[in-house]
Amino acid sequence: MKYGLLKYAENKNCFNIGDYIQSLAAKQFLPQVGEYINREALAVYKGEKIKMILNGWFTHNISNWVPSDNIDPLFISFHINSTAAPFLLNDKAINYLKKYEPIGCRDHFTLDILTRKGIKAYFSGCLTLTLDSYKVKNILKEDKIYIVDPLYGYITIKKITTDYKAFIKSILDRSIFDLGKK
């Protein structure tokens, strides 16, 4: 059986290292990775049948939801935010999720909304919580703390000028006035 892992290629202006940490958490449970599949293209996957852990947040490209029939998913640590819920939980998506229930949910909002839609679900928490047991020999561990991607949400000219919606939002939420502040 072939196993797949999520990769992320939304656009060159947006990079979330947390997505890759989510995949690292999933990878530790796979015997091997045969293919990396873009989260934004799950619906158009046409390769051979593949098993995948589908965890984390889905998706910028709502037209590419639900995943292809060639993907045999294990939904754990699944997350839907309130903005995406109306698009990701249409009738087709509800029927799809019911085929693979119970669905492990990263948060209580996702658990509640899936349950209200008649989908069997449970609270699993975030898959990254399993990383403390990641296979690193104790002799290689150090007492260091790493701060990773602390400026991810920091406002920049590039972020607010990617499109007119981002610019208008920065004016409305007044974040535009934080430009240059550290």
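Note: the structure precedes this text.
All values reported here derive from a predicted model rather than from experimental measurement. (Residues numbered from 1 in each chain as written. Predicted model: local features only at pLDDT ≥ 70, side-chain atom pairs only at ≥ 80, totals over all residues. Heavy atoms only, no water.)

The next point concerns the overall build of the chain. Scanning the chain from N- to C-terminus turns up six helices and six strands. Ordered by position from N to C terminus, the α and β elements of the chain give β-α-β-β-β-α-α-β-α-β-α-α. Considered along the principal axes of its C-alpha atoms, the chain spans approximately 50 × 50 × 30 Å. Intrachain contacts of the chain at a sequence separation of at least 6 include 53% that bridge at least 24 residues. As presented, the chain carries roughly 11,500 Å² of accessible surface, and 58% of it is formed by carbon and sulfur atoms. (Helix = DSSP H or I, 4+ residues; strand = E, 2+ residues; numbered from the N terminus. Contact = heavy atoms within 4.5 Å. Areas by Shrake-Rupley, 256 points an atom, 1.4 Å probe, with all protein chains shown as cover.)

Before going further, it helps to examine the nonpolar core. Among the nonpolar cores identified, the biggest contains 30 residues, and Leu42, Trp65, Phe75, Phe78, Leu97, Ile103 and Leu114 are the most heavily contacted of them. Looking at this core element by element, the count peaks at four residues for helix α3 (residues 91-99). If sequence neighbours within four positions are ignored, phenylalanine 78 has contacts with Gly56, Phe58, Trp65, Leu97, Ile103, Gly104, Cys105, Arg106, Asp107, Thr110 and Leu114. Core analysis: the next-biggest nonpolar cluster, separate from the first, contains eight residues, Tyr3, Ala26, Ile53 and Leu131 among them. (Core = buried A, V, L, I, M, F, W, Y, C linked by side-chain atoms within 4.5 Å. Buried < 20%, exposed > 50% of the residue type's maximum accessible area, 1.4 Å probe, protein only.)

This next bit is on α3. Within α3, the full set of buried residues consists of Ala93, Ile94, Tyr96 and Leu97. Relative to the axis of α3, the buried residues are bounded by an arc of 160° and lie together on one face. With respect to the buried face of α3, the exposed residues turned more than 90 degrees away are Asp91, Lys92 and Lys99. Taken together, the buried residues of α3 touch β3 (50-57), β4 (71-79), α2 (85-88), β5 (103-105) and α4 (108-116). (Arc of directions from axis to C-beta.)

You can see threonine 110 is positioned in helix α4. Under the relative-accessibility criterion, threonine 110 is labelled buried at 0%. A polar side-chain atom of threonine 110 sits 3.0 Å from the main-chain amide nitrogen of isoleucine 80. Among all residues touching threonine 110, those that are not within four sequence positions of it are Phe78, His79, Ile80 and Cys105. (Polar contact = N/O pair within 3.5 Å; in protein donor to acceptor, adjacent residues only side chain to side chain.)

So, about a nonpolar patch on the surface. A grouping of Tyr164, Ile168 and Leu172 is seen on the molecular surface, where their side chains present a nonpolar patch of about 390 Å² in accessible area. Structurally, leucine 172 is set in helix α6 (residues 164-172). (Patch = residues over 30% accessible without salt bridge, like charges linked within 9 Å, V, L, I, M, F, W, Y side chains within 5 Å. Salt bridge = Lys/Arg side-chain N within 4 Å of Asp/Glu carboxyl O.)

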